[in-house]
Structure formats: structure tokens, C-alpha cells
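Given next are the chains, with one letter for each unit.
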Amino acid sequence: MDTEQSAKVNQLNEAYNTFVNCPNSPNYNQLQELLIRYRSAYQPNQANDERIPLEMLQLNVCTYRALKHKQINSIQDLLSYSQEDLAQLPGMTEDCLHEIVNVLEKQLDLTLSHQEN
């Protein structure tokens, strides 16, 4: 695990520990599941078999279909594409791309690269 991933895991662990103490927040169960699955996917020395499904991001139908058409089924799959790569997908509008970028940043503190793969 590189330094950037390690820092993200540490941030996520901190957010998770704060979050579990607030069970009255909306969407508590869904967010808790996402945080647990994300943490386990990036823990060092563990199998990375458990992939976070794309559905956990709750994207709109247009965005979801464009990604699924390219067989992007998980957040890990999504992160392997740059913004430029995604913009070239059939059905991927500018609004769809903005939604992906915003959801990744707000929900997971992740960003897509800007270089084509």
C-alpha cells in the first residue's frame, strides 16, 4: 500500500470511528456498511476480493447505465479510469461525469485521474 492509500485508510478509519458514535444520522446503516467494506478492501495484508459495488454510490440511472455498459461494476473498476476515459464512454454526459466526480469526492474522498489510461 502506498503512502497516499495509507493516508486515505487512516482518514477513513478516523471518520468511521467518529461515525459509529452517531447512530441517529440519516442513512446510518448504509454508510456504515460502505465504510466497513471500503476499509476492508484497503487494509494491508488482506485479500482484496471484496469489491465495493457501484450501486453503493447511488448514482442516477443515466450515469449508472453508462458505467455498466462498459462493465464498470465496482468503485475499484471506476478508479481505474481517468475523467477523460469516462467522458468517451457511450451515454456519458458532462452531467454524468460531474456526478461521478462529486460523489467520489464527497462520499469517499477519492478523485479520478486526469490522464488517459
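Structure: above.
A brief report on the enclosed structure follows. (Residues numbered from 1 in each chain as written. Predicted model: local features only at pLDDT ≥ 70, side-chain atom pairs only at ≥ 80, totals over all residues. Heavy atoms only, no water.)

## What about unusual backbone geometry?
Peptide bonds are trans in most cases, and residues, glycine excluded, mostly fall at negative phi.
Next, step 1: Its identity as a non-glycine residue notwithstanding, Gln 58 has a phi of 50°, on the positive side.
Next, step 2: Considering the arrangement of structural elements, one finds Gln 58 in the loop between helix H2 (28-42) and helix H3 (61-69).
Next, step 3: Even without a glycine there, the phi angle at Gln 71 is positive, about 60°.
Next, step 4: Accessibility expressed as a relative area gives 61% for Gln 71, which makes it exposed. (Helix = DSSP H or I, 4+ residues; strand = E, 2+ residues; numbered from the N terminus. Buried < 20%, exposed > 50% of the residue type's maximum accessible area, 1.4 Å probe, protein only.)

## Description of H3
Next, step 1: For H3, the full list of buried residues reads Thr 63, Ala 66 and Leu 67. Down the axis of H3, the buried set is contained in an arc of 95°. They therefore lie on one face. Facing away from the buried side of H3 by over 90 degrees, the exposed positions are Arg 65 and His 69.
Next, step 2: In the core, the buried residues of H3 are packed alongside helix H4 (75-79), helix H5 (83-87) and helix H6 (94-108).
Next, step 3: Of the residues that open H3, the one with a side-chain oxygen 2.9 Å from the backbone nitrogen of Cys 62 is Asn 60.
Next, step 4: Immediately beyond the C-terminal end of H3, within one or two residues, lies Gln 71, with a positive phi of roughly 60°. (Arc of directions from axis to C-beta. Contact = heavy atoms within 4.5 Å. Polar contact = N/O pair within 3.5 Å; in protein donor to acceptor, adjacent residues only side chain to side chain.)

## Thoughts on the pattern of salt bridges
Next, step 1: One pass over the full model with this rule turns up one salt bridge.
Next, step 2: One salt bridge in this structure joins Lys 68 and Glu 55, with 3.7 Å as the shortest N-O distance. Of this pair, Lys 68 sits in helix H3 while Glu 55 sits in the loop between H2 and H3; the two residues are 13 residues apart in sequence, bridging distant segments of the chain. (Salt bridge = Lys/Arg side-chain N within 4 Å of Asp/Glu carboxyl O.)

## Section: H6
Next, step 1: Between the first and last C-alpha of H6 there are 21 Å, a value that for 15 residues agrees with the 21 Å anticipated at 1.5 Å per step.
Next, step 2: What H6 keeps buried is the set Cys 96, Leu 97, Glu 99, Ile 100, Val 101, Val 103, Leu 104 and Leu 108. (Expected span 1.5 Å × (residues − 1).)

## A closer look at the nonpolar core
Next, step 1: By size, the foremost hydrophobic cluster in this structure holds 23 residues, and its most contacted members are Leu 57, Leu 67, Leu 78, Leu 86, Ile 100 and Leu 104.
Next, step 2: In terms of residue count, the dominant contributor to this core is H6 (seven residues). (Core = buried A, V, L, I, M, F, W, Y, C linked by side-chain atoms within 4.5 Å.)

So far we have only geometry, and geometry alone does not tell us how the molecule works.
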